Amino acid sequence: MNAFAFAARSLIRQPGRSALGILGIAAVGALLFDMLLLSRGLVVSFRDLLDRDGFDIRVTATDAGPIGGPRLPHASPIAAEVAALPEVADAVPILMSDAEASHPGGPPVAISLLGIDARSGRHPWTISSGHDLEDVAAGTSGELLVNQALAASLTAALGDEIAIRVRCGPGRAPLPPSTFRVVGVAEFPFDDAVQLSGVVRRARMAGACDADGRDEADMILVSSRQGGGPDAAVSAIRRRRPDVHAATNEQIVARLAVSRFTYFRQISTVLSTITLLFGFLLITVLLTVSVNQRLGEIAAVRALGFSRARVAADVLWQSALLVGIGGLLALPVGVVLSIWLDAILKTMPGIPIALHFFVFEPRSLLLHAVLLAVTAVLAAAYPIALVTTLPIATTLRNEVVS
Amino acid sequence: MTPAEQPRLVEAVGLTRTFPMGAGPVHALRAVSMQIAAGDYLAIRGPSGCGKSTLLHILGCVDTPTGGTLIFDGQSVGALPDAERSAIRLRGIGFVFQRFFLLPMLTAAENIEVPQAEAGAGRRERRERTAELLEYVGLSHRATHRPSQLSGGEAQRVAIARALANRPRLLLADEPTGELDRATGDQIAALLDRVQHDGTAVVVVTHDAAIAARAARTLNMADGRLVGGDV
Amino acid sequence: MRAATIAGLLAIALAAGSAFAGAIPADSIPTILVSRQLREAQGLAIGDIVSLSSDPTGAHPQPFRIAGSYEPMPNPMLLGASRHEVRLHLPDLMTLTSDETNPLASESVDAINVAVPAPTDAGALAQRLASRIPGLVVRSTSANDDRAAPFVVLERFHLAIAIVTVIASSIFLLALMLMLVDERRETVGILRLIGVRRRRILLHVLAEGVVVAAAGALFGIVLSVAFEGGINRFFQWRYDTSLVFVRITPAIALRSITFAVPLGVAATFASSWTLLRREMFLLIRR
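What you see is a predicted model, and the numbers here were worked out from it, not measured in a lab.

## Overview of helix 8 (residues 198-239) of chain C
For helix 8 of chain C, built from 42 residues, the straight-helix expectation of 62 Å at 1.5 Å per residue is met to within 8% by its first-to-last C-alpha distance of 57 Å. Along helix 8 of chain C, the largest kink reaches about 30 degrees and is centred on C:Phe227.

Right under this line is the structure:
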């Protein structure tokens with residue numbers, strides 16, 4: 001009978017204790033797994049979100065970012081220059097503002113409004129009904145794309161006319177609303193659960209602010225040419241236009257990881273450490289008590305000829321079985337737990353629906369297994385020391401005397 | 001061949017064993033010298049605390065002497081590392097304890113298989129040998145029973161079978177009938193007689209005169225020393 | 001004004017300011033407050049003259065004298081972000097950031113904070129103002145505020161973690177109790193053999209369980225209080241913030257005891273009952 005079979009029998013001999021050990025490891029293992037998912041979840045999810053629209057570079061006026069930072073003046077020539085670079089496939093200026101939208105006669109609702117040039121085929125949204133913005137002659141009603149929430153809020157259907165009053169910047173008095181016609185409903189990847197979003201053409205948006213001719217954009221979305229990659233495109237943009245700030249999605253994510261996501265990484269580290277410590281304590285105590293209750297038995301098998309390595313292997317396998325089975329159970333429990341925790345955290349205001357805090361990566365699974373394996377070994381260390389240094393003769397004598 | 005003419009299996013010269021205690025050292029053995037021949041049948045008697053179990057543990061390579069030399073089957077074992085001493089115990093020596101020390105989560109047959117598996121015997125070989133030993137001790141019908149389902153006498157018989165699993169040359173029994181009634185004790189003693197008759201040297205530590213009388217030689221101990229008997 | 005921090009809008013060109021200091025009389029230089037983090041990062045001191053510009057290139061800077069330093073309001077959503085902020089007198093900020101093309105620039109602000117004599121009147125006043133001035137967003141600070149939502153969500157998140165931890169701890173506790181009770185197997189068996197009833201043994205066990213659980217809970221609270229300072233100091237240093245990360249309040253301590261004592265007693269009771277259910281001969285058998 002090898003050490004593995006021996007260890008399994010020893011655990012089965014004390015079913016209650018073994019079951020509790022396994023369940024305890026399953027509980028803390030689930031939490032550990034979730035913390036590993038959380039440690040990079042936001043980074044991975046946010047990167048995925050940025051990459052989803054097909055644009056892998058963002059160009060802004062400064063490194064302050066498009067929200068809160070100054071706008072790019074003369075956005076169209078900048079975009080044209082950038083688009084002309086051999087490393088760049090497309091460049092789309094985007095204008096962002098708050099606005100109020102209302103159905104004729106209805107109450108206004110606050111919305112997030114985007115202004116974009118309709119010439120480009122690639123846009124950071126997905127049309128779910130109707131059609132995308134098209135070039136139409138000036139003078140006709142401007143076209144408007146809305147998200148599902150805004151369409152529902154205004155009970156607007158395709159073809160309806162919506163009045164939009166754009167908030168034209170700090171200190172600007174609200175101007176009379178402009179009328180736009182709903183041509184399509186789209187999904188915007190960065191919308192949160194309650195966000196009402198709309199898109200019009202950038203020129204019409206500037207016109208609504210009595211700023212015709214002011215060719216501004218908060219950001220230029222750029223997609224790099226296949227084969228070249230975003231880094232080459234960013235370098236080219238910086239060489240051509242050193243007065244603007246260009247960053248790849250990867251760089252943006254890295255900056256946010258340090259500034260915005262760091263709290264969750266810290267929580268993840270702290271809780272991972274605590275769960276590992278807990279698991280270590282649980283298994284060490286279980287095995288140590290088990291060994292102490294079987295000293296006579298252990299001395300007897302040592303007297304029969306079991307080597308120190310053999311009795312140590314028995315204890316190590318017991319630890320491995322407890323932690324291994326518990327660790328396996330921890331995975332489905334962890335998945336369920338992560339769904340619950342993710343749902344809680346996503347209720348934070350401003351969190352895009354498509355963003356997740358807990359994201360599965362194979363490396364998380366591997367790290368989970370490695371950490372639990374190390375815990376199993378460390379937890380067995382003290383009981384192994386007990387069995388390997390057990391004075392056989394003294395123990396046998398004490399067992400008889402007791 | 002008489003026992004005196006048999007080759008020496010164990011030779012102990014000047015064995016001492018001292019246990020350092022808080023209240024002062026305890027000299028459990030004081031310069032004990034003795035031999036055990038192949039196929040010998042030796043009883044060691046003495047009052048409680050005289051050092052008989054300590055001597056048995058040293059002879060069985062379970063404990064190391066503080067002084068003196070111990071030679072088992074021509075090899076000095078005093079300075080051997082634990083791994084080699086374990087190997088000697090596994091293949092050369094069988095142990096029977098007063099409290100049986102069967103593994104409670106294994107059946108009788110599995111308890112007998114454990115030392116064989118540890119010695120590297122294949123599954124078929126183990127099964128055959130186990131069946132043979134269960135037959136030898138008269139417990140073939142109890143092969144699948146756990147120790148908690150056996151009587152004291154049956155448990156001790158399984159323990160003897162386990163001790164014989166790897167065909168040891170020496171069987172050491174420490175008060176094998178200590179927890180058994182007279183009748184059952186006699187059965188165990190008869191079994192030990194048979195083991196010796198079949199060629200294994202048997203050393204029994206006992207304070208039971210009736211058990212000791214069955215041995216070919218008796219050593220008497222008192223206060224850590226041999227004080228008479230057939231050295 | 002767009003919902004952005006001052007730090008986002010202003011490109012702070014922190015020049016030595018000495019050129020300005022020499023050209024303009026000191027008492028006519030407007031004063032500002034700088035955040036502690038900005039002061040430390042730039043090596044500024046109270047009384048220093050700095051120049052601020054709202055242009056990303058630093059064009060058209062204006063001099064200001066640092067009158068003091070302040071600690072920005074802690075915000076867990078900005079952990080790790082550099083809190084480089086400046087506070088100006090409103091007219092100075094308007095002058096600095098005015099849009100020349102906007103004739104109303106000098107009359108426009110982002111928000112007006114209103115203090116009412118009786119806080120209970122805030123909601124009613126907010127409604128009256130909103131109805132009188134269409135387009136105005138009026139919000140009482142005591143009403144459900146979106147800005148408190150991150151804290152509420154984090155509290156729920158931590159509570160969820162705590163629930164899982166309590167479950168795991170309960171399992172650990174039950175395992176420990178089973179082992180402890182098993183060590184008394186023989187004693188319990190002998191007591192039963194000599195005639196002591198199960199009920200009496202259970203009462204004894206219960207009393208012991210209450211004492212052990214209460215002592216354990218109190219020890220746990222003492223340990224938490226001991227760790228509280230260390231944890232807060234570490235994270236305040238790590239993130240350069242005055243945010244308090246852990247606070248053990250009497251309510252939390254009471255809640256912990258309310259959970260821990262019954263759990264401990266229940267675990268002791270459950271494990272003892274599994275022992276007492278067995279036949280007494282099985283208890284004393286080796």
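## Some details on the side chain of A:Asp191
Residue and element names in this part refer to chain A. Looking at the element boundaries, Asp191 is found in the loop between strand 7 (178-187) and strand 8 (197-201). For the buried Asp191, which has no salt bridge, the nearest side chain bearing the opposite charge is Arg52, at an N-O separation of 11 Å. Not counting residues up to four positions away in its chain, the partners in contact with Asp191 are Asn147, Ser197, Ile351, Pro352 and Ile353.

## Brief notes about the packing of aromatic side chains
Residues and elements named next belong to chain C. Considering all chains together, one arrives at twelve aromatic pairs over all chains under this definition. With centroids separated by 5.9 Å and ring planes inclined at 45 degrees, the aromatic side chains of Phe234 and Trp237 adopt a geometry described as tilted. Here the residue Phe234 and the residue Trp237 both occupy positions in helix 8, the gap between them amounting to three residues, near one helical turn. Among the residues examined, Phe234 registers a relative accessible area of 40% and is labelled partly exposed.

## A closer look at unusual backbone geometry
Residues and elements named next belong to chain B. Even without a glycine there, the phi angle at Cys61 is positive, about 60 degrees. Structurally, Cys61 can be placed in the loop between helix 1 (52-59) and strand 4 (67-72). Even without being a glycine, Asp73 presents a positive backbone phi close to 50 degrees. Mapped onto the secondary structure, Asp73 falls in the loop between strand 4 and strand 5 (75-76). For Asp73, a relative accessible area of 43% translates into the label partly exposed.

## Here we look at the pairing of strand 1 (residues 31-35) of chain C
All names here are of chain C. With five bridges joining them, strand 1 and strand 3 (residues 62-70) adopt parallel strand pairing. Within strand 3, the position partnered with Thr31 by the bridge is Arg65. Bridge analysis of strand 1 against strand 4 (residues 86-88) gives three bridges, and the strand direction is antiparallel. Considered in strand 4, the bridge of Val34 is made with Val86.

## Description of the environment of A:Leu386
Residue and element names in this part refer to chain A. Note on placement: Leu386 falls in helix 11 (residues 362-388). For Leu386, a relative accessible area of 21% gives the class partly exposed. The spatial distance from the C-alpha of Leu386 to the C-alpha of Ala156 is 76 Å, given a sequence separation of 230 residues.

## Concerning the sheet that holds strand 5 of chain B
Residues and elements named next belong to chain B. With antiparallel pairing, four strands are arranged side by side in an open sheet as 2-1-4-5. Both edges of this open sheet fall to strand 2 (26-37) and strand 5, since each of them pairs with a single strand only. Here strand 1 (residues 8-19) pairs with strand 2 via eight bridges, running antiparallel. If you follow Thr18 over to strand 2, its bridge partner there is His27.

Reading the values: rules and limits
Residues numbered from 1 in each chain as written. Chains lettered and ligands numbered in written order. Predicted model: local features only at pLDDT ≥ 70, side-chain atom pairs only at ≥ 80, totals over all residues. Heavy atoms only, no water. Helix = DSSP H or I, 4+ residues; strand = E, 2+ residues; numbered from the N terminus. Expected span 1.5 Å × (residues − 1). Bend = angle between axes of the 7 residues up to and from the residue. Buried < 20%, exposed > 50% of the residue type's maximum accessible area, 1.4 Å probe, protein only. Lys, Arg positive; Asp, Glu negative; His and termini not counted. Salt bridge = Lys/Arg side-chain N within 4 Å of Asp/Glu carboxyl O. Contact = heavy atoms within 4.5 Å. Phe/Tyr/Trp six-rings, centres within 6.5 Å; stacked < 30°, edge-to-face > 60°. Pairing = 2+ DSSP bridges.

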